[in-house]
Structures are given as C-alpha cells and as structure tokens.
Amino acid sequence: MESAIFGKSQNNTRLIRTFASTEEYSNVLLELDLIAEVVAENPQGKFYNLDELFDKVNHEYFAGSLAKPRLAWSRINTYRKLGHYESARDRVVMSLTLDLG
C-alpha cells in the first residue's frame, strides 16, 4: 500500500520481490488460475497433445517418476522462445510453432 501512495522505493521494491518469491504467493496464483480455468490452457493442440507427450517421455526416460505440471500451448507462434516454465503456476507453456505437425 505504501508503494502505491508514496511511489517506488528500493525498500518497497525489495519487499514486493521478496513476497513474490514466496510459496504463499505461488499458491495464491495457482488457486486463482484454477478458479479462472483459463480457456487457453489446453494441452491439446492442432496436432499434438502435451499430456500424452509428457506421459510418454516421463515413462520412457524417468520411469514415470516426474510429477506432471500443468501443460498449455501459447496463444501465438514464436520463433526464438519455444517454451517456458512458470514456477509460480507450475505450468509449462509451449510455442504453437511446435504444433505445426
């Protein structure tokens, strides 16, 4: 609140960044996502299903020991960044470029 009233300061920025890196904050983001059920968060692409691909790789290379994160296709094609992991949401987002078949 102080940051909104008095403006940006090093101390306020540090406090916000510290809170944003906590498990509590991550859990809040995850719960909000689960409530909203984002339409774009769909593991089924035009050609590939990320859930099926994850299960196959997990079984073949990790003996099924990996916990499955939430999997989604991005909304746009990208050509440099083909995927990323969002730790706060335990979500892997893959570029639509990889779903070209």
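Our structure is the block above this text.
Basis of the calculations
- Residues numbered from 1 in each chain as written.
- Predicted model: local features only at pLDDT ≥ 70, side-chain atom pairs only at ≥ 80, totals over all residues.
- Heavy atoms only, no water.
- Helix = DSSP H or I, 4+ residues; strand = E, 2+ residues; numbered from the N terminus.
- Buried < 20%, exposed > 50% of the residue type's maximum accessible area, 1.4 Å probe, protein only.
- Contact = heavy atoms within 4.5 Å.
- Areas by Shrake-Rupley, 256 points an atom, 1.4 Å probe, with all protein chains shown as cover.
- Expected span 1.5 Å × (residues − 1).
- Arc of directions from axis to C-beta.
- Pairing = 2+ DSSP bridges.
- Axes fitted to C-alpha atoms, helices over the stretch in contact; angles between N-to-C directions.
- Phe/Tyr/Trp six-rings, centres within 6.5 Å; stacked < 30°, edge-to-face > 60°.

(A) A look at the overall build of the chain. When helices and strands are counted, the chain shows four helices and three strands. Secondary structure elements of the chain, listed N to C terminal, follow the sequence α-α-α-α-β-β-β. For the chain, with 101 residues in total, the buried portion stands at 23%. Expressed as a percentage of contacts within the chain between residues at least 6 apart in sequence, the contacts between residues at least 24 apart total 36%. As presented, the chain carries roughly 7800 Å² of accessible surface, and 57% of it is formed by carbon and sulfur atoms.

(B) Structural context of helix α4 (residues 50-62). Given a rise of 1.5 Å per residue, 13 residues ought to cover 18 Å, and the 17 Å separating the end C-alpha atoms of α4 matches this to within 8%. Of the residues making up α4, those classed as buried are Leu50, Phe54 and Asn58. Each buried residue of α4 sits inside an arc of 65° when the element is viewed along its axis, so together they form one side. Pointing more than 90 degrees away from the buried face of α4 are the exposed residues Glu52, Lys56, His59 and Glu60. Looking at the buried side of α4, the elements it contacts are β1 (70-73) and β3 (91-94). The first or second residue beyond α4 is alanine 63, which carries a positive phi of 50°.

(C) Structural view of the pairing of β3. Examined bridge by bridge, β1 and β3 share four bridges and lie parallel to one another. Directly across from arginine 70, in β3, lies its bridge partner arginine 91. Pairing of strand β2 (residues 83-86) with β3, which is carried by four bridges, proceeds in the antiparallel orientation. Bridging across to β3, tyrosine 85 finds its partner in valine 92. As consecutive antiparallel partners, β2 and β3 are separated by four residues, and within that stretch aspartate 90 has a phi angle of approximately 45°, a positive value.

(D) View of the sheet that holds β3. Ordered in space as β1-β3-β2, the three strands form an open sheet in which the pairing is mixed. Both outer strands of the open sheet, β1 and β2, are each paired with one neighbouring strand and no more. Ignoring strand direction, the axes of neighbouring strands in this sheet form an average angle of 20°.

(E) Inspection of the packing of aromatic side chains at higher detail. Inspection of every chain in the model, using the stated rule, returns one aromatic pair. For the ring pair phenylalanine 19 and tyrosine 25, a centre distance of 5.5 Å and an interplane angle of 65° mean the geometry is edge-to-face. Here tyrosine 25 falls in the partly exposed class, since its relative accessible area comes to 28%.

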